[in-house]
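# Structural overview
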Amino acid sequence: MKRLLLAAAIAALTVPYAPAAWWAENDYSAGSNGLKKNSLTVFRKNSRAFTSGLNVSFYKDSAGYGDRIYSFRLPLMYSGPAYFISLKPFLYPVSPHTRSGASGGKLYLLTSLGETSDESYIHLAVSGAWARQKAFTNDAGTLERKNFSQSAFEVQAEKSFYGQFFFQVSAAGFSKPSGASNFTLVRPTLDQSDLAYLGTFRQLTALPEWALTAQLARSMKPEYDSHLYAGYSKISLRRADRANSIVAGMKLGLNEKSSLDLAYNAYKQERSAWKNYYRIFLQIFFQKI
């Protein structure tokens, strides 16, 4: 659940500053069509408010991406008194197998609209993203390699009730690719979740129009250091059937410096069968003493 990952990032920014404080995250997913998707990120706390990181990721499956598609990200985060800002440039080097690539970035801003002593709050977040792609297109039977750009805008609202129950909704809109008529992309490499939250563990390379999500979470503290969560997403795609995605999982605090997130994702495009995906997310904090 995105809320839990964001909370972990903010918590990391608020730990006491140490000259060599850093942490690592490994995000692994597998499932239908032989999906294998792995992401490793290392973060370093450069000052009390600023954190930088480096991410290396890949995905592959048996449905058009039999060879690994690599990507790189450079997340930068700044935490102010009542706001949180992140900037995440990304790069998909041109794959020798698909001859497709992409680059771009996402800017994210979160602010608090009010917090109380009983841990209740309302958070509002907005984000904007832009990407430039190079990929083959099929326009009325004509195959051509093109360069084009696209953008996305997202709004999220999250409500916490007494620090025990959390409810989040988000809506994202995607621009029509520049210079696009009615072409269909042929094995593009950009995962559209780099532009906005889509609520699925699999890569989604088709061009979206919009995405709506709703998520619920329940904290089990203080009895157990864990969260239970569930979410639903509806995704409209420009040249494909609409998709539905359901996510359910549990985040466990293993000890003071590590946590484990186990989750399941059911994904279905209209007129297609359900696909099943599984995710393991491990976060480990390190700090020089």
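Residues numbered from 1 in each chain as written. Predicted model: local features only at pLDDT ≥ 70, side-chain atom pairs only at ≥ 80, totals over all residues. Heavy atoms only, no water.

Attention now moves to the overall build of the chain. The helix and strand inventory of the chain stands at 1 helix and 16 strands. Buried residues in the chain amount to 46% of all 289 residues. Total accessible area on the chain is roughly 13,900 Å²; 61% of this is exposed by carbon and sulfur atoms. (Helix = DSSP H or I, 4+ residues; strand = E, 2+ residues; numbered from the N terminus. Buried < 20%, exposed > 50% of the residue type's maximum accessible area, 1.4 Å probe, protein only. Areas by Shrake-Rupley, 256 points an atom, 1.4 Å probe, with all protein chains shown as cover.)

Moving on to the environment of Asp194. By the secondary structure assignment, Asp194 is in the loop between β11 (184-186) and β12 (208-219). Along the sequence, Asp194 and Arg73 sit 121 residues apart, while their C-alpha atoms lie 9.7 Å from each other. The residues touching Asp194, leaving out its near neighbours within four places in the chain, are Arg73, Phe90, Tyr92, Lys106 and Ala129. For Asp194, the side chain forms a polar contact with the side chain of Arg73, separated by 2.9 Å. (Contact = heavy atoms within 4.5 Å. Polar contact = N/O pair within 3.5 Å; in protein donor to acceptor, adjacent residues only side chain to side chain.)

Note that strand β7 (residues 101-115) and strand β8 (residues 121-139) share 14 bridges and pair antiparallel. Bridging from a neighbouring strand, Ser112 pairs with His123 of β8. Strand direction decides the pairing type here: β8 and strand β9 (residues 142-161), joined by 19 bridges, are antiparallel. Directly across from Ser127, in β9, lies its bridge partner Glu154. Linking β8 to β9, which pair antiparallel, is a turn of 2 residues; within it Ala140 sits at a positive phi near 55 degrees. Pairing of β8 with β11 involves 3 bridges; the strand directions are antiparallel. Residue pairing for β11: Phe136 is matched across the bridge by Val186. (Pairing = 2+ DSSP bridges.)

A word on the nonpolar core. With 30 residues, the main nonpolar core has Tyr92, Phe174, Leu190, Leu195 and Ile235 as its most contacted residues. Breaking this core down by element, the ones donating at least two residues are β6 (83-92), β8, β10 (165-174), β12, β13 (226-237), β14 (243-255) and β15 (258-269). Ignoring sequence-local partners within four residues, the contact set of Tyr92 consists of Tyr59, Ile69, Tyr70, Ser71, Arg73, Gly101, Ala102, Thr189, Leu190, Asp191 and Asp194. By size, the runner-up hydrophobic cluster in this structure holds 7 residues, among which are Trp23, Tyr108, Leu110 and Ala125. (Core = buried A, V, L, I, M, F, W, Y, C linked by side-chain atoms within 4.5 Å.)

In this section: the packing of aromatic side chains. Taken as a whole and judged by the stated rule, the model has 9 aromatic pairs. For the ring pair Trp23 and Phe43, a centre distance of 4.9 Å and an interplane angle of 20 degrees mean the geometry is stacked. Taken together, the residues Trp23 in strand β1 (residues 22-31) and Phe43 in strand β2 (residues 35-45) connect sequence positions 20 residues apart. The same class applies to Trp23 as to Phe43, namely buried. Centre to centre, the rings of Tyr264 and Tyr278 are 5.4 Å apart; their planes meet at 45 degrees, and the pair counts as tilted. Highlighted residues: Tyr264 in strand β15 and Tyr278 in strand β16 (residues 275-286), separated in sequence by 14 residues. With relative accessibility at 31%, the residue Tyr264 sits in the partly exposed group. We note Arg68 situated over the ring of Phe58; from NZ or CZ to the ring centre the distance is 4.1 Å. Taking NZ or CZ as reference, Arg279 lies 5.6 Å from the ring centre of Phe201, over its face. (Phe/Tyr/Trp six-rings, centres within 6.5 Å; stacked < 30°, edge-to-face > 60°. Lys NZ or Arg CZ within 6 Å of the ring centre and 35° of its normal.)

Once that is clear, we can look at the pattern of salt bridges. Using the criterion set out here, one finds 9 salt bridges in the structure. Across the salt bridge formed by Lys37 and Asp191, the nearest N and O atoms sit 3.2 Å from each other. Of this pair, Lys37 sits in strand β2 while Asp191 is found in the loop between β11 and β12, placing the two residues 154 residues apart along the sequence. For Asp191, a relative accessible area of 4% gives the class buried. For Lys106, the salt bridge identified is with Glu154, shortest N-O distance 3.8 Å. With Lys106 in strand β7 and Glu154 in strand β9, this pair connects stretches of sequence that are 48 residues apart. Residue classification places Lys106 among the buried residues on the basis of a relative accessible area of 12%. (Salt bridge = Lys/Arg side-chain N within 4 Å of Asp/Glu carboxyl O.)

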